[in-house]
Amino acid sequence: MGITVNVSLLTEYERTQLGTRQPLPERYLGLPPEELDARIHAARATLGSRVVLLGHHYQRDEVITFADHTGDSWKLARQIGEHPGAEFIVFCGVHFMAESADILAAPHQQVILPDLAAGCSMADMAAPDQLAVCWQELAAHGLDAGLVPVTYINSSASIKAFCGERGGIVCTSSNARGTLEWAWARGERVLFLPDQHLGRNTAFQMGIPLDRMAVWDPDEPLGGLTPDEIARARILLWKGHCSVHTRFTVRQIEQVRAQHPGIRVIVHPECPWEVVQAADASGSTETIRKTVRESEPGSVWAVGTEIHLVNRLAREVAPDRTVMTLDPFGCLCSTMFRVSPNHLLWVLEGLVDDQVHNRITVAEHEKMWARVALDRMLQVS
Ligand code: 13P
Ligand code: SF4
């Protein structure tokens, strides 16, 4: 007897496993770097403008070197509409980025994620059924009136669709402030998911005190809160986090300052509130890069984000500026790391042979409302 699985209840990762994930063919394993490079270049040359390759800043050097455009989630989402002539968008990033690309792409375009196992553990912390239960519980207490859902782009397409359908919006780390302004112009309370830290850091910078924020725990009845606590909150923060950015600590900042007097610290807003408060600056991956690159010569920076970005930035700005990681052990995003040059070669040579591997498609019923939420995001700079 066959087993029926309600795909909407699965995590982003489980869905990729159930889908069309094929293991990398053996002939693509163990290739020397020079051969990988030469064959990727050859496949790209054959495909020409039929393909556009986007790379997030956390990608490995040997992958991002082939990107036509690099950026943070915001910048890459904006690139989708800029290449109407490309049949294929190869997204070197993680699953939610490729899903967003498929939602924003034109109907004739196909989006490819080189390794379908490249998910995001934070995105998996908000499941569609948990959000539905949250909304129902709030409604049962009359607390859904004036409630605007804001989802970080690091979330599944179905979460984005849920928000779009209920008058909500998607945000990135670049425009979180603008999207919260947008939301508070439309309702008195925001439900922010799945990253409590980005929500808290942004709302605090906008003047919302911590005691007007409440953490919604999806594993507890009514989020583990009393109706009074919810009624008092200006923002409900979903209890989700990034396992890479929550490794950074205030102690690390103190240590790096003691070891390098005059050093400045810049971190990603997915870091805990105490860390962002202790740092000199915070911002999206693109903002971090821009701030360091444009700092005065002689500047020394400790950077609190994924290690591939930090190491690349350190090389790019040397010797005029010095960059080091805030975490001496280096924080790796293991899912971003899934995209290897071998996977990239496989999908590109597949396209040369008219075979599309690892296509990401969002179901039509989710696409419409998710697009509404993403289009609202693109309007907010
Ligand atoms: P950015 O949009 O700042 O690149 O962040 C994406 C991300 O996943 C950070 O962990
Ligand atoms: Fe997700 Fe964190 Fe990796 Fe960003 S760094 S993709 S939030 S797990």
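Note: the structure precedes this text.
Residues numbered from 1 in each chain as written. Chains lettered and ligands numbered in written order. Predicted model: local features only at pLDDT ≥ 70, side-chain atom pairs only at ≥ 80, totals over all residues. Heavy atoms only, no water.

Q: In this structure, what is going on with the overall build of the protein chain? I would like to understand it.
A: Along its length, the protein chain carries 16 helices and 14 strands. Taken over C-alpha atoms, the radius of gyration comes to 21 Å for the protein chain, in line with the 21 Å a tight globule of 381 residues would show. Projecting the C-alpha coordinates of the protein chain onto the three principal axes gives extents of approximately 65 × 65 × 40 Å. Considering the protein chain as a whole, with its 381 residues, one finds that 56% of them fall into the buried category. Intrachain contacts of the protein chain at a sequence separation of at least 6 include 69% that bridge at least 24 residues. Surface accessibility of the protein chain: about 15,900 Å² in total, with carbon and sulfur atoms responsible for 51%. Charge-centre separation for the protein chain: the mean point of 34 positive side chains lies 4 Å from the mean point of 46 negative side chains. (Helix = DSSP H or I, 4+ residues; strand = E, 2+ residues; numbered from the N terminus. Rg over C-alpha atoms; globule rule 2.2 N^0.38 Å. Buried < 20%, exposed > 50% of the residue type's maximum accessible area, 1.4 Å probe, protein only. Contact = heavy atoms within 4.5 Å. Areas by Shrake-Rupley, 256 points an atom, 1.4 Å probe, with all protein chains shown as cover. Lys, Arg positive; Asp, Glu negative; His and termini not counted. Charge placed at Lys NZ, Arg CZ, Asp CG, Glu CD.)

Q: For this particular structure, what's the right way to read the pattern of salt bridges?
A: Where charged atoms from two side chains of opposite charge approach closely, those side chains can pair. All told, the structure shown has 23 salt bridges when counted by the stated rule. With its nearest N and O atoms 2.7 Å apart, the salt bridge here joins Glu87 to Arg50. In this pair, Glu87 is assigned in the loop between α4 (73-79) and β3 (88-92) and Arg50 in the loop between α2 (33-47) and β1 (51-56), connecting sequence segments 37 residues apart. In this structure Arg50 comes out as partly exposed when scored by relative accessible area, which is 30%. The shortest N-O distance in the salt bridge between Glu165 and Arg166 comes to 3.9 Å. On the basis of relative accessible area, Glu165 is assigned to the partly exposed category, the value being 47%. When its relative accessible area of 31% is taken as the criterion, Arg166 is described as partly exposed. What emerges from the salt-bridge pattern is a single network uniting Glu35, Arg39 and Glu349. (Salt bridge = Lys/Arg side-chain N within 4 Å of Asp/Glu carboxyl O.)

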